[in-house]
Amino acid sequence: MTASEIRRRYIEYFAERGHDVVPSAPLIPRDDPTLLFNSAGMVPFKRYYLTDEPPYRRAVTSQRCLRLSDLDEVGRSPYHATFFEMLGNFSFGDYFKEQAIEWAWDFLTNVLEFDADRLWVTVHTSDDAAAEIWRTKIGFPAERIVALGDKDNFWGPAGDSGPCGPCSEIHVDMGEEAGCGDPDCKPGCDCRRFFEIWNLVFPQFMQSADGTREPLARPGIDTGMGLERMAAVIQGAASLYETDLMKPIVAAVRSEVEEAGGELPAPSGEIPGIATEIAVISDHARAMTFAIAENILPSNEAQGYVVRRVIRRAVRRGLALGISEPFLYRLSGVVVEVMKDGHQHLEPLREHIALVVRSEEERFHTTLSQGSTLFEEIVSRVVEAGGTTITGADAFALYDTYGFPPDLTSEMAAERGLDVDMSGFESAMEEQKERGRSAGSFAKAVGAREWTVGDDSTPRTEFVGYGLRALRSVEAETASRGVLSEAVEATVLRVRAGLEEGLLEVALDRTPFYAESGGQTADSGWIQGDGFEAEVINAYTEDELTVHVVKPTTGTVGPGAQVSASVDLAVRRRTEKNHTATHLMQAALRHTLGDHVHQSGSWVGPERLRFDFTHFSALSPHELVQVEDAVNAWVRADLPVREDETTLDCAIEQGATALFDEKYGDTVRTIAVEGVSLELCGGTHVARTGEIGGFRIVSESSVAAGTRRIEALTGADVVLHARAAEQSLHDAAVQLKVRPDELAGRVRDLSAEVSRLTKELAAERRASAGASADGLLDQAVTLETSGIRVLAARTDAETVPDLRAQADGLREKLGTTAVGVLGAVIDGKPSLIAFVTDDLSKPGRVKAGDVIRLAGEIMGARGGGKPHMAQAGGGDASKLDDALAAVAGVVEKLLGE
């Protein structure tokens, strides 16, 4: 029976018994900040155990899960996986233990046709009710019912708090040959004879973050059956890796090893028939594929860092097997092929996933190649000194210079039998952060100010600014200030001094001013009261208050005062155009590039808009035109823009786009552009797309790995930009004495001429550098103890390539049995290059990297390289001559070791 068939039978069985079929939730929990990933089938349903009106009383699902606690077990255990599917049936205040146990038994023995004599069950030591149901209702033999404690038979909560309760687990007896040999062996033993296939959890308590528990008003059911584990048992597989879910992936990994010319390792013995490296790569290929399919991209933070770590662990296993080029991206396609029947969202994302993985592989290969030399030097120093620990300073140097994360350094060190001083690493990291902190921080300035407070025991500002849309006028298009909204009457709640002299911060009980949030800048305008007038230059939120930063022009104001607040509609309207255009642009990007595009940041002001989004390559000119044309087409169509308030669940079900890292309440605001986009958004927008007027992309760039940025203009700013560009073309054409339509050709000709002259100049400089280096040969000295010639000299090289050319020339002219170090101050920074002739750079003799390390330490330089050539830079330029003077002694020291 295939895994797909098991999944289908399970869902159909419980659907026939009144369960709503609920699609898998995303891997990232939507409303549980205590978890990085959904690690169990019940996580998306936690809140339904606590509400009087859940959307359904019974549910069945196949939930995608990613469990980091199993990461170190992968490759060692036959049945642990980083990514897995959890089949589950749930009751929210409906049926309880008896029905759950009866259905589980019926499904196993009648639908999946398990041999009942191979099954054992466990119950919690306090759960006499469950044990009684097994004995009397099911007729299960009492001698195969085992009572265990909290460690084995109490589940939850998932995270710091939530529903939890005792559980009853169903185990399969894998046979005496799989066990420990103890005649009394039974579930609870640490051997592998008894294999859990289904966990029936009875949530009947609510645990708080402090560990206290209260009975749930409506106990429920939460069951979990790992699809991969069940498939292994039914298919008679010795491990997950022999199931139909994993075999094609394992085969593809072995094929990659063979095609790379590597040697397939022998099975490790921990998992029958498969080596640890093959198992880890196969498992991690699934985890990375499903994570990236949900737009969880490699990064240095949160879930993205997990994906990066998983990919890098797999790459390193591949390197150990002889695969030196990117290969995981091909495995992602195999995963899609194997899993697409049960996960239809994978196929359309096949190309995107491969692109993301390959980009991350290439980046990691670069990181490894740059940092491995320094890592090897560090390991050599530790081992030669008889130590067992890499210092925190060295680990930080690897991180700071080459981007080696500490867990990678720890993993590589462990392979050499070494530890890493992580506390020392953290100290070095904190020292760097401290150096970057400003002596007078913003936080100190804020903390020094106190509110003058009126009668506001429950301070809160009500936002009433969405209704200003109806008050727009034609004058607002061109006015810089003065086209104000109708005044909103408000009461001053609090007042305090601003961060700058002459400014005040005022909190009102109600306001039309949009406070800066969600990437949209704050409104500006005016606040007026009895004898008081002030210009509002900013607004932000603090707790539940909107804080207005104002510049008083007349009088002063205090708590309790009545004021009128008016928004500058000219500024608001331009901002609204840019904000709605941002929504249109995201829709156009997804249409042009694919559904993997998601917002990762934005800035929307009156002058322009900036939009950061997930994509792993620069947009081509054709793609930029497609995006721009799509947005302008929707602008010309003058489509209605509608706002609505609904529940978060309803909005998501309708297909609303949300930000992964944004926290939403139960009620959300949506902005819909008819037939184009639907987004969760609290910002202000135009009423119809035609009000945007026009849209023009002015730049596209990279801001981080896998993140692109587009800046664009709307409305009258599009015309102004076009005029400025036309004027620039005209001015350039005049300077080059050609017509504007001839400008491109003239620039190409000039560029080719500059390139030719640059190459000629570089060649002459290298020749000159080589010639000037010839005069340094006379400075070589011969060491009496070894007969090795040592040359250490300072040169006038103006660039590092010039210095390297001098070193290459001298190395060739010295021929054999020679070591040289050249130094120069280039752009105010000292540089050293060491070279060793081939006969000396062989293993066991002198390495250029060792020479450069010891000489460079004298002036505080860092570097590395190959045995015959190495380079260092930075440090104290005044100590360059001291470093050069020490070279002969360095060589003698290395020869004596």
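Presented here is an overview of the structure given in this document.

Cut-off values and rules
Residues numbered from 1 in each chain as written. Predicted model: local features only at pLDDT ≥ 70, side-chain atom pairs only at ≥ 80, totals over all residues. Heavy atoms only, no water. 1 Å grid on protein atoms, 1.4 Å probe; cavity = no way out; pocket = protein on both sides within 12 Å on 5 of 7 lines; lining within 4 Å. Points joined across faces, edges and corners; volume = space filled by probe spheres on them. Helix = DSSP H or I, 4+ residues; strand = E, 2+ residues; numbered from the N terminus. Buried < 20%, exposed > 50% of the residue type's maximum accessible area, 1.4 Å probe, protein only. Contact = heavy atoms within 4.5 Å. Salt bridge = Lys/Arg side-chain N within 4 Å of Asp/Glu carboxyl O. Expected span 1.5 Å × (residues − 1). Arc of directions from axis to C-beta. Pairing = 2+ DSSP bridges. Axes fitted to C-alpha atoms, helices over the stretch in contact; angles between N-to-C directions. Core = buried A, V, L, I, M, F, W, Y, C linked by side-chain atoms within 4.5 Å.

Considering the layout of surface pockets
And then number 1: Approximately 1400 Å³ is the volume attributed to the second largest pocket.
And then number 2: Around the second largest pocket sit 50 residues that line it, and Arg67, His80, Glu169, Glu196 and Arg229 are the ones nearest its centre.
And then number 3: Among the secondary structure elements, those contributing two or more residues to the lining of the second largest pocket are strand S3 (83-91), helix H4 (150-153), strand S6 (154-155), strand S7 (162-173), strand S8 (194-201), strand S11 (221-226) and helix H5 (227-234).
And then number 4: Ranked by residue count, the leading element in the lining of the second largest pocket is S8, at seven residues.

Thoughts on the environment of Val201
And then number 1: Along the polypeptide, Val201 turns up in strand S8.
And then number 2: We classify Val201 as buried; its relative accessible area is 3%.
And then number 3: Ignoring any residue separated from it by four or fewer positions in sequence, one finds Val201 in contact with Trp155, Gly165, Pro166, Cys167, Gly220, Ile221, Asp222 and Thr223.

Description of H5
And then number 1: With six of eight residues buried, H5 lies mostly within the body of the structure.
And then number 2: Taken as a whole, H5 has its buried residues at Leu227, Glu228, Met230, Ala231, Ala232 and Val233.
And then number 3: Positive phi appears at Gly236, one or two residues downstream of H5, with a value of about 65 degrees.

Considerations on the pattern of salt bridges
And then number 1: Taken as a whole and assessed by the stated rule, the structure comprises 48 salt bridges.
And then number 2: Between Arg8 and Glu12 there is a salt bridge whose closest N-O contact spans 2.7 Å. With Arg8 and Glu12 both in helix H1 (residues 3-15), this residue pair falls four residues apart, about one helical turn.
And then number 3: With relative accessibility at 37%, the residue Arg8 sits in the partly exposed group.
And then number 4: Judged by relative accessible area, Glu12 falls into the partly exposed class, the value being 36%.
And then number 5: Ionic pairing is found between Glu711 and Arg608, a salt bridge with its closest N-O pair at 2.9 Å. One end of the pair, Glu711, is in strand S29 (residues 707-714); the other, Arg608, is in the loop between strand S23 (599-604) and strand S24 (609-614), and 103 residues separate them in sequence.
And then number 6: Residues joined by salt bridges that share partners form a network here, namely Glu5, Arg8, Arg9 and Glu12.

With respect to helix H6 (residues 247-259)
And then number 1: Between its terminal C-alpha atoms H6 stretches 18 Å, which fits the 18 Å expected from 13 residues at 1.5 Å a residue.
And then number 2: Of all the positions in H6, only Ile249, Val250, Ala252, Val253, Glu256 and Val257 are classed as buried. Considered in projection along H6, the buried side chains sweep an arc of 160 degrees and stay on one side of the axis. Of the residues in H6, the exposed ones pointing more than 90 degrees away from the buried face are Glu258 and Glu259.
And then number 3: The inward-facing, buried residues of H6 abut helix H7 (276-293) and helix H9 (328-339).
And then number 4: Where H6 ends, the next residue or the one after it, Gly261, has phi of about 85 degrees, a positive value.

Examining the sheet that holds strand S27 (residues 677-680)
And then number 1: A sheet is described by the order of its strands in space; here three strands give the open sequence S25-S26-S27, paired in antiparallel fashion. Across the chains shown, the open sheet's two edge strands, defined by having one partner strand only, are strand S25 (641-647) and S27. Recorded for the sheet is a direction-independent mean angle of 25 degrees between the axes of neighbouring strands.
And then number 2: Bridge count between S25 and strand S26 (residues 667-673): seven bridges; the pairing is antiparallel. Looking at S26, one finds that Glu645 is bridged to Arg669.
And then number 3: Contacting S25, S26 and S27, helix H15 (residues 569-593) runs over the sheet at an angle of about 120 degrees to S27.

Observations regarding the nonpolar core
And then number 1: Ranked by internal contacts, the top residues of the largest apolar core, which has 118 residues, are Leu108, Trp134, Ile170, Ile197, Trp198 and Leu328.
And then number 2: Leave out the neighbours within four places in its chain, and Trp198 touches Tyr10, Phe14, Asn89, Ala104, Phe107, Leu108, Ser168, Glu169, Ile170, Thr223, Gly224 and Met225.
And then number 3: Counting residues in each nonpolar core, the second largest holds 28 residues, with Val627, Leu639, Ile671 and Val676 among its members.

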